[in-house]
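Residues per chain are reported as follows:
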Amino acid sequence: MSNLIQILPSHIANQIAAGEVIQRPASAVKELLENAVDAGASEIKLVVLDAGKSLIQVIDNGRGMHAEDAKNCFERHATSKISEIDDLFKIRTMGFRGEALASIAAVAQVELKTKRQEDEHGTWIEIENSKILKQEPVVCANGTSIAMKNLFFNVPARRNFLKSNSVEIRHITEEFIRVALAFPDVSFSLINEGEISFQLDRGTLKQRIVQLMGNAHGTKLVSVEEKTEYLEVKGFVGKPDTAKKTRGDQYLFVNERFVKNPYLTHAVVGSYEEMIAPGSFPFFALFIELDPARVDVNVHPTKQEIKFEDEKLVYTFIKSAIRHALAQFSISPALDFNLDPSIQHSDALNKPLTNEADQRVQSGGLYKSFIDRSQAHRIESSSNLKDWKSFFTSSNNSENSYQETFFQDQHLHQIKRSSSLELPPSAPVFQMNQTYIVFEQSNGITILHQQLAHQQVLFEKFNAAWQGKAIPVQQNLFPQAIQFSPADAQIIQHILPDLLQLGYQLEPFGNHAFLLQGIPADYATDNDQSVIEMILEDIKENTSSLHRGYKEKMAKTLARKHAVKPGTVLDDSTMRDLVFRLSLSLSGATHFDGKPLLVEVKKEYLSSVFGL
Ligand code: ADP
Ligand code: MG
């Protein structure tokens, strides 16, 4: 017997293929919403139960389907949007692979009701495991309603893989926002567990942004609009003072489709250079339009990644368009105009783009310097990461070799356990370089790094909050309102109890805003909002779910934020207090990042140096 190869049963093949398109409830939401938009609907309603795990229903008033189409739409490669291969390059509607409904029907129980205006009655279809269970005429409204029930009911492994409801609903909200932003002239609503989460009326893009992101955005938007024959960009970016520590509210659309493109995101953020603090991110909702033939949208199954024929040109164009917009609203007197005008007047951006012009722009020094500059910037920032280890190990020149022997000799230097630290009130202590705390111990001189030591002490204190030692809250006399995007607000809502343990008391204030009612007693920062935003960013960067280590990470973030910085003058009692608190520390003499906190110069070493 040598027939080892078997053909997979079609329902299994369907399930496997479906996995590519439908990874989680949010993927189905995206596909169904896009289909409704493609059907020309002016009103679209999304209903969700159990974070989409038990129900996702999309109801639209679009053109509906004839009975025959209603049956065929669930077939793989069934699409009304492509008939010839040429269409692939021209297609401007969003979905065009004819896979979404087939995939959904393979991994869920689906109920479809649909009716065209010209038909007397509609069609009702039930389908499960890719098999039609029922098809009959029905009286229903014009348009289409698709209900997808019990996602992955037949693929338990996948179902178990789904994240908690709060995480899945966050993904759903994010997809909903992306589609809703792209089509402000369609009214959308989202009903979650019977409650209206969003009710978005038709309006302008600006009105849509305000509806989604909160009123605070209304006066904070700068309009962007630049057009050439090759491409067009329009939309809104946030004024520099609204930049946040979180990367969240960044929306880039190409031909009305949401895309992820780190390179172009870099162009947007880069156009703010000098105007916003490093590590902060502006809001943007930008729409790029260009000939679909110059884009390959199909590089990724979920169609969010995108390749441009000439990515560098798009990069330069976007950067220039945003800088132009920011300058026009004269919100940045410090803007560097030396570079901009020539870019804005470069041939490539104002004339139809011939190949020749294209070449010229790319080889031009200005264009190069633009691109190079942004790359240099990236290299610069990574080499800026202070690598403490290299300080100890670098040994290529004679100056350093002294240092190296110094650190290698057990007698000369020893990192000491902090638990044996002792600083009697009568013993002198002084600050060196506004960075180190220097004092005498019975067997030598100890040098402590003030910032690292303080961070370690604070980390242990904040981290103890999880073992019942909550940080006391100090009530704010004038609670500050902090506005979040809907997706961020969901994370905050989820971690409210954790924040309270750490001394941050936030209360929901409606419309995705929270009131900062209290802050950790005895720990002042100049900007509590940015502390919260950093915590948020940590959580978002780490994983899409709240992973196990996130509480410790929160404690580290707070420690970094609250610790004294080098350059801060410390008085005598503050230095003694820090030494005392470090002596109680659990960590020995090691910082939570693994760096040493202190070094000691032993008296034996001094004797040997002086030949005694
Ligand atoms: P695609 O959108 O790539 O064509 P889908 O599987 O998402 O593939 O949909 C298959 C077809 O079903 C669509 O091309 C369209 O003709 C029809 N269809 C899907 N959803 C709707 C809807 N809400 N209203 C009308 N027709 C729809
Ligand atoms: Mg589709």
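Bear in mind the structure is a predicted one, so any value in this text is a computation, not a measurement. (Residues numbered from 1 in each chain as written. Chains lettered and ligands numbered in written order. Predicted model: local features only at pLDDT ≥ 70, side-chain atom pairs only at ≥ 80, totals over all residues. Heavy atoms only, no water.)

Caption draft 1: Up close: a nonpolar patch on the surface. Together, L606, V609, F610 and L612 make up an exposed nonpolar region whose accessible area comes to about 460 Å². Among the structural elements, F610 can be located in the segment after helix 22 (603-609). Judged by its relative accessible area of 61%, F610 is exposed. (Patch = residues over 30% accessible without salt bridge, like charges linked within 9 Å, V, L, I, M, F, W, Y side chains within 5 Å. Areas by Shrake-Rupley, 256 points an atom, 1.4 Å probe, with all protein chains shown as cover. Salt bridge = Lys/Arg side-chain N within 4 Å of Asp/Glu carboxyl O. Helix = DSSP H or I, 4+ residues; strand = E, 2+ residues; numbered from the N terminus. Buried < 20%, exposed > 50% of the residue type's maximum accessible area, 1.4 Å probe, protein only.)

Caption draft 2: Representation of the side chain of S187. With respect to the element layout, S187 can be found in strand 7 (residues 187-192). Overall, S187 belongs to the buried group, its relative accessible area being 11%. Those residues within four positions of S187 in sequence are excluded, and the remaining contacts are S42, E43, I44, L200, D201, R202 and R208. (Contact = heavy atoms within 4.5 Å.)

Caption draft 3: The sheet that holds strand 1 (residues 43-49), seen in detail. What the eight strands build is an open sheet, ordered 5-4-3-6-2-1-7-8; its pairing is mixed. The open sheet is flanked by strand 5 (131-138) and strand 8 (195-200), the only strands paired with a single partner. Neighbour to neighbour, the strand axes of the sheet diverge by 10 degrees on average, direction disregarded. As defined by bridge partners, strand 1 adjoins strand 2 (residues 55-60) across six bridges and the pair is classed as antiparallel. (Pairing = 2+ DSSP bridges. Axes fitted to C-alpha atoms, helices over the stretch in contact; angles between N-to-C directions.)

Caption draft 4: Representation of the pattern of salt bridges within the structure. Within this structure, the stated rule accounts for 18 salt bridges. Across the pair K149 and E111 runs a salt bridge, and its minimum N-O distance is 2.9 Å. Note that K149 is positioned in strand 6 (residues 143-149) and E111 in strand 3 (residues 109-115), a separation of 38 residues in sequence. Overall, the relative accessible area of 19% leaves E111 in the buried class.

Caption draft 5: Inspection of the pairing of strand 18 (residues 444-449) at higher detail. By the bridge criterion, six bridges tie strand 17 (residues 436-441) to strand 18 in an arrangement that is antiparallel. Note that in strand 18 the partner of Y436 across the bridge is H449. In this antiparallel pair of consecutive strands, strand 17 and strand 18, the connection spans two residues. Here strand 18 runs beside strand 22 (residues 598-602); their pairing, made up of five bridges, is antiparallel. Within the sheet, the bridge partner assigned to T446 lies in strand 22 and is E600.

Caption draft 6: Layout of the packing of helix 17 (residues 450-463) against helix 21 (residues 572-583). Two elements in contact, helix 17 and helix 21, have axes whose closest approach is 10 Å; the angle formed by their N-to-C orientations is 50 degrees. In this view, helix 17 runs oblique relative to helix 21, as classed from their interaxial angle. Helix 17 and helix 21 meet at a crossing whose hand is left-handed. On helix 21, the residues that touch Q450, A453, H454 and V457 of helix 17 are L578, R581 and L582. (Parallel < 35°, antiparallel > 145°, perpendicular 65-115°, else oblique. Left-handed = near helix turned anticlockwise from the far one by under 90°.)

Caption draft 7: Here's a closer look at helix 18 (residues 486-501). A rise of 1.5 Å per residue sets the reference length of helix 18, with its 16 residues, at 22 Å; its end C-alpha atoms lie 23 Å apart and thus fit the reference within 8%. By the largest-angle criterion, I495 marks the main kink of helix 18, which is about 60 degrees, and a proline, P497, follows within four residues. Looking only at helix 18, the buried set comprises P486, A487, D488, A489, I491, I492, I495, L496, D498 and L499. (Expected span 1.5 Å × (residues − 1). Bend = angle between axes of the 7 residues up to and from the residue.)

Caption draft 8: Structural view of the sheet that holds strand 12 (residues 257-259). Sheet architecture is open: five strands sit in the order 9-10-13-11-12, paired in mixed fashion. The sheet is open, and its two borders are formed by strand 9 (221-227) and strand 12, each paired with just one other strand. The mean inter-strand angle of the sheet, taken between neighbouring strand axes irrespective of direction, is 20 degrees. Of the pairings in the sheet, the one linking strand 10 (residues 231-238) to strand 13 (residues 284-290) comprises seven bridges and is antiparallel in character. Among the inter-strand pairings, V233 is bridged to a residue of strand 13, identified as I288. Of the strands in this sheet, strand 11 (250-254) and strand 13 touch helix 9 (residues 262-270), which is tilted by about 125 degrees from strand 13. Of the strands in this sheet, strand 9, strand 10 and strand 13 touch helix 10 (residues 311-328), which is tilted by about 130 degrees from strand 9.

Caption draft 9: Looking closely at the nonpolar core. In terms of nonpolar packing, the biggest core is built from 63 residues, with I44, L46, F74, L181, F188, I209 and Y251 touching the most fellow members. In terms of residue count, helix 7 (residues 165-182) provides more of this core than any other element does, eight residues in total. In contact with F74, other than residues within four places in its own chain, are L101, A102, A105, V110, L112, I125 and I127. Of all hydrophobic cores here, the second largest spans 33 residues; its members include I495, I532, L536 and F592. (Core = buried A, V, L, I, M, F, W, Y, C linked by side-chain atoms within 4.5 Å.)

Caption draft 10: Broad picture of the packing of aromatic side chains. Taken as a whole and judged by the stated rule, the model has eight aromatic pairs. Between F176 and F188, the aromatic rings sit 6.0 Å apart at their centres with planes inclined by 85 degrees, giving edge-to-face as the arrangement. Separated by twelve residues along the polypeptide, F176 in helix 7 and F188 in strand 7 bring together distant segments of the chain. With respect to burial, F176 and F188 carry one shared label: buried. (Phe/Tyr/Trp six-rings, centres within 6.5 Å; stacked < 30°, edge-to-face > 60°.)

Caption draft 11: Quick peek at the environment of K71. With respect to the helices and strands, the residue K71 is situated in helix 3 (residues 67-72). Residue K71 is classed as partly exposed on the basis of its relative accessible area, which comes to 33%. In this structure, the C-alpha to C-alpha distance between K71 and I125, residues 54 residues apart in sequence, is 7.5 Å. Residues in contact with K71, not counting those within four places in the same chain, are I125, I132 and Q135.

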